[in-house]
Amino acid sequence: MSANDGDDRRKRLTTVFGWIAGGALGLLLNYLGFLAVGEGYPTVPTTFVAFLLGAFGGMALADKLGARGFRPLGIAAGVLLALFLALVVAVLMSPAPEAPL
């Protein structure tokens, strides 16, 4: 195993971190758009597009940064994924609105 193998591995992991961070950020921004617009917001197409734009944007950033983006994108991916999962749990655990009688 050479030093170049470790650098290549870091570049691949940086790309993965970029995908995760960008996709999670896209989903969080899409949810904010849903909260701003309300029930008329088209969630299915916008969620798909927001995730893809975020993931490919994160991948482009990872490619631009190279191996030196390993730590910042890893931290960003962890924080954004934790925020996204906390939001999912909060929404799923929120009480259901009561139906009018």
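Attention here is on the structure that accompanies the text. (Residues numbered from 1 in each chain as written. Predicted model: local features only at pLDDT ≥ 70, side-chain atom pairs only at ≥ 80, totals over all residues. Heavy atoms only, no water.)

1. Some remarks on the overall build of the protein chain
Alright, step 1. Counting secondary structure elements, the protein chain contains three helices and zero strands.
Alright, step 2. Secondary structure elements of the protein chain, listed N to C terminal, follow the sequence α-α-α.
Alright, step 3. Taking 2.2 N^0.38 as the reference for a compact globule, 101 residues should give roughly 13 Å; the C-alpha atoms of the protein chain span a radius of gyration of 17 Å, well beyond that estimate.
Alright, step 4. C-alpha extents for the protein chain along the principal axes are approximately 70 × 25 × 15 Å.
Alright, step 5. A buried classification covers 24% of the 101 residues belonging to the protein chain.
Alright, step 6. By sequence separation, contacts in the protein chain at least 24 residues apart represent 80% of the contacts at least 6 residues apart.
Alright, step 7. Surface exposure of the protein chain reaches about 7000 Å², of which carbon and sulfur atoms provide 73%.
Alright, step 8. Between the averaged position of the 7 positive side-chain charges in the protein chain and that of its 6 negative side-chain charges there is a distance of 14 Å. (Helix = DSSP H or I, 4+ residues; strand = E, 2+ residues; numbered from the N terminus. Rg over C-alpha atoms; globule rule 2.2 N^0.38 Å. Buried < 20%, exposed > 50% of the residue type's maximum accessible area, 1.4 Å probe, protein only. Contact = heavy atoms within 4.5 Å. Areas by Shrake-Rupley, 256 points an atom, 1.4 Å probe, with all protein chains shown as cover. Lys, Arg positive; Asp, Glu negative; His and termini not counted. Charge placed at Lys NZ, Arg CZ, Asp CG, Glu CD.)

2. A few points about the packing of aromatic side chains
Alright, step 1. For the structure shown, the criterion picks out four aromatic pairs.
Alright, step 2. Arranged with centres 5.5 Å apart and planes meeting at 45°, the rings of F17 and F70 form a pair that is tilted. Of this pair, F17 sits in helix 1 (residues 3-37) while F70 is found in helix 3 (residues 70-93), placing the two residues 53 residues apart along the sequence.
Alright, step 3. Owing to a relative accessible area of 21%, F17 belongs among the partly exposed residues under this scheme.
Alright, step 4. By way of ring pairs, the aromatic residues Y31, F34 and Y41 are connected into one cluster. (Phe/Tyr/Trp six-rings, centres within 6.5 Å; stacked < 30°, edge-to-face > 60°.)

3. Focus: the layout of surface pockets
Alright, step 1. Of the voids in this model, the largest pocket is the one considered here, and its volume is about 210 Å³.
Alright, step 2. If you go around the largest pocket, the residues you meet are L27, N30, Y31, F34, T43, T47, F84, L87, V88, V91 and L92.
Alright, step 3. Of all the secondary structure elements, the ones that give two or more residues to the lining of the largest pocket are helix 1, helix 2 (43-65) and helix 3.
Alright, step 4. A breakdown of the residues in the lining of the largest pocket according to their chemical character gives eight nonpolar, three polar and no charged. (1 Å grid on protein atoms, 1.4 Å probe; cavity = no way out; pocket = protein on both sides within 12 Å on 5 of 7 lines; lining within 4 Å. Points joined across faces, edges and corners; volume = space filled by probe spheres on them. Nonpolar A, V, L, I, M, F, W, Y, C, P; charged D, E, K, R; others polar.)

4. Focus on the side chain of N30
Alright, step 1. Along the chain, N30 turns up in helix 1.
Alright, step 2. We classify N30 as buried; its relative accessible area is 8%.
Alright, step 3. At 2.7 Å, the side chain of N30 and the side chain of T47 are in polar contact.
Alright, step 4. In this structure N30 touches Y41, T43, T46, T47 and A50, once residues within four positions along its chain are discounted. (Polar contact = N/O pair within 3.5 Å; in protein donor to acceptor, adjacent residues only side chain to side chain.)

5. Here's the deal with the environment of K11
Alright, step 1. Topologically, K11 is positioned in helix 1.
Alright, step 2. For the pair K11 and A21, spaced 10 residues apart in the sequence, the C-alpha separation amounts to 15 Å.
Alright, step 3. Leaving out residues up to four positions away in the same chain, K11 has contacts with G66 and A67.

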